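One letter stands for each residue in the lines below.
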Amino acid sequence: MDTDIDDGGAPVLLLVGSSGGHLAQLLALRPWYESRRRCWVTFDTPEAVSLLAGEEVVVAHHPTTRNLPNLLRNAVLAWRVLRRRPVAAVVTTGAGVALPFVVLARLRRVPTVYIEVYDRIDSPTMTARLCRPFLSAMLVQWDEQRRQYPEATVVGTLL
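Keep in mind that what you see is a predicted model, and the values were worked out from it rather than measured.

A. Local environment of the nonpolar core. Membership of the largest hydrophobic core comes to 19 residues, with the highest contact counts inside it found for Leu14, Val16, Val41, Val87, Val90, Val97 and Phe101. Listing elements by their share of this core, those giving two or more residues are β1 (12-17), β2 (38-42), α4 (68-84), β4 (87-94) and α5 (98-107). By residue number, the principal contributor to this core is α4, which donates four residues. With near-sequence residues (within four places) excluded, Val41 lies in contact with Leu14, Leu15, Val16, Gly17, Val58, Ala60, Val97 and Phe101.

B. Structural view of the layout of surface pockets. Estimates place the volume of the largest pocket at around 460 Å³. Lining the largest pocket are 21 residues, and of these Thr64, Thr65, Gly96, Met126 and Thr127 sit closest to its centre. Looking at the lining of the largest pocket, the elements that each hand over two or more residues are α4, α5 and α6 (126-131). At four residues, α4 tops the list of elements feeding residues into the lining of the largest pocket. When its residues are assigned to classes, the lining of the largest pocket shows nine nonpolar, 10 polar and two charged.

C. View of α4. Between its first and last C-alpha atoms α4 spans 24 Å; for 17 residues at 1.5 Å apiece the expected length is 24 Å, and the two agree. Taken together, the buried positions of α4 are occupied by Asn70, Asn74, Leu77, Ala78, Val81 and Leu82. Each buried residue of α4 lies within a common arc of 125° when the element is viewed along its axis, so the set occupies one face. Seen from the buried face of α4, the exposed residues on the opposite side, beyond 90 degrees, are Leu68, Leu72 and Val76. Along its buried surface, α4 packs onto β1, β3 (57-59), β4 and α5.

D. Structural view of the packing of aromatic side chains. In total, this model carries one aromatic pair according to the counting rule given. Both rings, one in Tyr33 and one in Trp40, keep their centres 5.4 Å apart while their planes meet at 85°; by these two values the pair is edge-to-face. The exposure class of Tyr33 is buried, given its relative accessible area of 0%. Judged by relative accessible area, Trp40 falls into the buried class, the value being 1%. For Arg108, the ring lying beneath its charged end belongs to Trp79, and the centroid distance is 5.6 Å.

E. Expanded view of a nonpolar patch on the surface. On the surface, a cluster of nonpolar side chains totalling about 270 Å² of accessible area is made up of Leu68, Leu71 and Leu72. Within the secondary structure, Leu71 sits in helix α4. Under the relative-accessibility criterion, Leu71 is labelled partly exposed at 31%.

F. Highlighting the sheet that holds β3. Spatial strand order, β3-β2-β1-β4-β5-β6-β7: seven strands in an open sheet with parallel pairing. Of all the strands in the sheet, the pair left with one neighbour each is β3 and β7 (153-154). Pairing of β1 with β2 involves four bridges; the strand directions are parallel. Along β2, the bridge assignment pairs Leu14 with Cys39. Sheet strands touched by α4: β1, β3 and β4. Its angle to β3, the strand with the most contacts, is close to 150°. The strands that α5 touches are β1, β2, β4 and β5 (112-115); relative to β4, the one it contacts most, it runs at about 150°.

So, how was this worked out
- Residues numbered from 1 in each chain as written.
- Predicted model: local features only at pLDDT ≥ 70, side-chain atom pairs only at ≥ 80, totals over all residues.
- Heavy atoms only, no water.
- Core = buried A, V, L, I, M, F, W, Y, C linked by side-chain atoms within 4.5 Å.
- Buried < 20%, exposed > 50% of the residue type's maximum accessible area, 1.4 Å probe, protein only.
- Helix = DSSP H or I, 4+ residues; strand = E, 2+ residues; numbered from the N terminus.
- Contact = heavy atoms within 4.5 Å.
- 1 Å grid on protein atoms, 1.4 Å probe; cavity = no way out; pocket = protein on both sides within 12 Å on 5 of 7 lines; lining within 4 Å.
- Points joined across faces, edges and corners; volume = space filled by probe spheres on them.
- Nonpolar A, V, L, I, M, F, W, Y, C, P; charged D, E, K, R; others polar.
- Expected span 1.5 Å × (residues − 1).
- Arc of directions from axis to C-beta.
- Phe/Tyr/Trp six-rings, centres within 6.5 Å; stacked < 30°, edge-to-face > 60°.
- Lys NZ or Arg CZ within 6 Å of the ring centre and 35° of its normal.
- Patch = residues over 30% accessible without salt bridge, like charges linked within 9 Å, V, L, I, M, F, W, Y side chains within 5 Å.
- Areas by Shrake-Rupley, 256 points an atom, 1.4 Å probe, with all protein chains shown as cover.
- Salt bridge = Lys/Arg side-chain N within 4 Å of Asp/Glu carboxyl O.
- Pairing = 2+ DSSP bridges.
- Axes fitted to C-alpha atoms, helices over the stretch in contact; angles between N-to-C directions.

Right, dumping it as structure tokens:
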């Protein structure tokens, strides 16, 4: 995985997500992003390394669940990434790694898009609740998810 932060060129689409299901749902967007310049932010796990071979990747700190030191480390990382390169938009499915990138991107007037994961139909995820005030757009995969997010756009299931 490439861990360098490119400092120039055309604006990139920043795809941010924890490894596992969050990453799988972002990868399902391939037809949409494949012609765009992009950079991934995820964890250095064997699965992520394999799935993102050949992609530009910024490695985030984990675990993120209830881990304040890694939240702070990822906030510093987000600041560096957003300061050193032009970012067209931040798109994320969560989880904890998303929060600092969404907040700092929004403060820099970079569009932020959150896609709620497909397996949380009856209740919102913690990350979505925390990111919500900083979002340009909220997308959901099921009509039922609009009970928690009435402003959301239903995009259908990604997986």
